[in-house]
Amino acid sequence: KETSSYRTEVTGTLSVAPLVVMVDKNTASAAEVLAAALKENGRAKIVGETTFGKGLIQTIARLADGSALVVTVAEYRTPLNNDINKKGIEPDIAVTCAKDSEDFSCIPITAFVNPVNTGAGQAKP
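Residues numbered from 1 in each chain as written. Predicted model: local features only at pLDDT ≥ 70, side-chain atom pairs only at ≥ 80, totals over all residues. Heavy atoms only, no water.

Student: Explain the overall build of the protein to me, please; I cannot follow it from the model alone.
Tutor: Along its length, the protein carries 1 helix and 5 strands. Mapped from its N terminus to its C terminus, the protein presents α and β elements in the order β-α-β-β-β-β. Taken over 125 residues, the protein has a buried fraction of 25%. Across the protein, contacts joining residues at least 24 apart in sequence account for 69% of those joining residues at least 6 apart. (Helix = DSSP H or I, 4+ residues; strand = E, 2+ residues; numbered from the N terminus. Buried < 20%, exposed > 50% of the residue type's maximum accessible area, 1.4 Å probe, protein only. Contact = heavy atoms within 4.5 Å.)

See below:
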């Protein structure tokens, strides 16, 4: 299986402002990878529900007889090389809002008070 990895090394942080990322069961694909990257690097707290778990990138190959074949061409991995497919990202603070609640009105205020450590961690391969 052929794989490619792309990594950067940055010293310091882009911002020291507290950061909270809100996710739910519909957060998927690249949004999950971003949430995981912020979480695994100690940069943000993740609040909400476990994410969808869409970790595969697929394409459709049309066949001559009119049928089609779905082919997996890549997979999303977190900075710590965790597989998110069918697992999703677990929030640091689990919150499930009632279906009739207004957007994020059920998120506890504690999720926004000192949400991250001031020293951001660095993911290690």
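Student: I'm lost on the pairing of strand S1 (residues 20-23) in this one. Help?
Tutor: Side-chain direction in a regular strand flips from residue to residue, so the side chains alternate between the two faces of the sheet. Here S1 shows one buried face, formed by Val21 and Val23, and one open face, formed by Val20 and Met22. Direction of pairing for S1 relative to strand S2 (residues 45-48): parallel, over a ladder of 4 bridges. Bridged to Met22 within S2 is Val47. After leaving S1, the chain enters helix H1 (residues 30-40) and then returns to the sheet as S2, a path that is right-handed. (Pairing = 2+ DSSP bridges. Right-handed = clockwise from strand over helix to strand, strands pointing away.)

Student: Sorry if this is basic, but what is going on with the sheet that holds strand S5 (residues 93-94) here?
Tutor: Pairing between sheet strands relies on hydrogen bonds along the backbone, with the strands arranged either parallel or antiparallel. On the basis of which strands lie adjacent, the open sheet formed by 3 strands has the order S1-S2-S5 and parallel pairing. Unpaired on one side and paired on the other, S1 and S5 mark the two borders of the sheet.

Student: Looking at this structure, how should I read the pairing of strand S4 (residues 68-75)?
Tutor: Pairing of strand S3 (residues 56-62) with S4, which is carried by 7 bridges, proceeds in the antiparallel orientation. Within S4, the residue paired with Ile60 across the bridge is Val70. Here S3 folds back onto S4, and the loop between the two strands holds 5 residues, one of which, Gly66, carries a positive phi near 95 degrees.

Student: I tried to follow a nonpolar patch on the surface on my own but got confused; where do I start?
Tutor: Together, Ile57, Leu63, Leu69, Val71 and Val73 give the surface a local cluster of nonpolar side chains, amounting to about 390 Å² of exposed area. Tallying contributions element by element places S4 first for the nonpolar patch, with 3 residues. Counting through the fold element by element, Leu63 comes out in the loop between S3 and S4. (Patch = residues over 30% accessible without salt bridge, like charges linked within 9 Å, V, L, I, M, F, W, Y side chains within 5 Å. Areas by Shrake-Rupley, 256 points an atom, 1.4 Å probe, with all protein chains shown as cover. Salt bridge = Lys/Arg side-chain N within 4 Å of Asp/Glu carboxyl O.)

Student: Explain the nonpolar core to me, please; I cannot follow it from the model alone.
Tutor: Taken as a class, soluble globular proteins show a tendency for nonpolar side chains to be buried jointly. In this structure, Val21, Val23, Ala35, Leu38, Ala44 and Ile46 together form the largest nonpolar core, which totals 6 residues. Every element with two or more residues in this core is listed here: S1 and H1. Leave out the neighbours within four places in its chain, and Val21 touches Ala35, Leu38, Ala44, Lys45, Ile46 and Val47. (Core = buried A, V, L, I, M, F, W, Y, C linked by side-chain atoms within 4.5 Å.)

Student: Looking at this structure, I do not really get the pattern of salt bridges. What am I missing?
Tutor: A pair can form between side chains of opposite charge whenever their charged atoms are brought close. For the structure shown, the criterion picks out 2 salt bridges. With its nearest N and O atoms 3.7 Å apart, the salt bridge here joins Asp92 to Lys39. Here Asp92 is found in the loop between S4 and S5, whereas its partner Lys39 is found in helix H1, with 53 residues between them in sequence. We classify Lys39 as partly exposed; its relative accessible area is 28%. Residue Glu75 pairs with Arg77 through a salt bridge whose shortest N-O separation is 3.6 Å. Given the relative accessible area of 32%, Glu75 is considered partly exposed.

Student: Would you mind showing me how to read the side chain of Thr27 here?
Tutor: Of note, Thr27 is situated in the loop between S1 and H1. By relative accessible area, Thr27 is classed as buried at 14%.

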